[in-house]
Amino acid sequence: MTHPHEHHDRSIGTVWLVGAGPGDPDLLTVKAARIIARAALIVHDGLVDDAILALARPDARLISVAKKRARHTLPQDDINALLIAEARAGHDVVRLKGGDPFIFGRGGEEVDDCRAAGVPVEVIPGISAANGSAAAAQLPLTHRDLSSAVTFVAGQCKGLTEQDWSGLAGKGRTLVIYMGVATGDAIAEKLIADGLSPDTPVAVLEKGTRADMRTLRTLLTDLGPMIAREAVVSPALIVIGDVVTRARATDCIPTLFAQHLEPTPSTESLA
């Protein structure tokens, strides 16, 4: 972040890395909302909700750099180059990113390149997908009786088998997996092979904080099949651990496993 007392060439614009949060515009920070409203140029991800983009001023230039599985509108290096080029042309640039820029948002790479290029950069944090989605599902990521540690990992295919997740899930721990919908079967197999019980509770938080959000709950062994049965789509998070039993969720557990989650006032299904 640029120090307030640092001086820079005023002909160079500032790049603002802004966390747009998980989707609900009401969850923007006050500072983020203010920066978006005054921005003349916004470079945004595909996961940024249209209602947030609607906060931009009418004459703002909006550039989408949406990424989709197996297809990138712009490679990350090109996105970084775009931010730098626009700033060097004298434009302040709002780089609007879903969730928080520094949690699986590649914000660190963009900051590094901007600083290396002599471009002033500021970071405005956002409510992460994990925090926002869990809150909307009333799923406590930590709980005095159930979990004293929480870990965030990425679950996309590339390098998944080489990642060491041993000890990240189990009694007293919560594991949150970003970008894991397409690899649900592999994730379950990996964790079970590492010793996690097949009947460990899991939840999928689809489109967290949005009007069409779904919280679906099952057991680890059924994770991949449930994702397929329920036609889960991104954005979605996977949460693994006993805290899942506290969520407001729709139970999708096959009858064979139903006894593992005893209904309580805090774990009743919301159909």
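This one's a predicted model, so the numbers in the text were calculated from it and none came from an experiment. (Residues numbered from 1 in each chain as written. Predicted model: local features only at pLDDT ≥ 70, side-chain atom pairs only at ≥ 80, totals over all residues. Heavy atoms only, no water.)

A.B. asks: Explain the pattern of salt bridges to me, please; I cannot follow it from the model alone.
C.D. replies: When their charged atoms lie close together, side chains carrying opposite charge are able to pair. Counting across every chain of the model gives 14 salt bridges. We note a salt bridge from D112 to R115, for which the minimum N-O separation is 3.6 Å. With D112 and R115 both in helix α4 (residues 107-116), this residue pair falls three residues apart, about one helical turn. Accessibility expressed as a relative area gives 43% for D112, which makes it partly exposed. Of the charged contacts, one joins D222 and R229 as a salt bridge, the two residues approaching to 2.9 Å between their closest N and O atoms. Classification of R229 by relative accessible area gives partly exposed; the value is 45%. Members of the salt-bridge network, linked through shared partners, are D45, R95, K97 and E110. (Salt bridge = Lys/Arg side-chain N within 4 Å of Asp/Glu carboxyl O. Helix = DSSP H or I, 4+ residues; strand = E, 2+ residues; numbered from the N terminus. Buried < 20%, exposed > 50% of the residue type's maximum accessible area, 1.4 Å probe, protein only.)

A.B. asks: Can you walk me through the sheet that holds strand β1 (residues 15-19) in this structure?
C.D. replies: Strands in a sheet are paired, the pairing made by backbone hydrogen bonds, and the direction either parallel or antiparallel. The five strands are arranged β3-β2-β6-β1-β7 in an open sheet whose pairing can be described as parallel. Strands with a single pairing partner mark the edges of an open sheet, and in this sheet they are β3 (61-64) and β7 (121-124). On average, adjacent strands in this sheet sit at an angle of 20 degrees to one another, irrespective of strand direction. Where β1 and strand β6 (residues 93-97) come together, five bridges link them in parallel fashion. Looking at β6, one finds that L17 is bridged to R95. Against the sheet, helix α3 (residues 76-88) contacts β1, β2 (41-44), β3 and β6, and its axis sits at roughly 155 degrees relative to β6. (Pairing = 2+ DSSP bridges. Axes fitted to C-alpha atoms, helices over the stretch in contact; angles between N-to-C directions. Contact = heavy atoms within 4.5 Å.)

On their own, these measurements won't tell you what the molecule is for.
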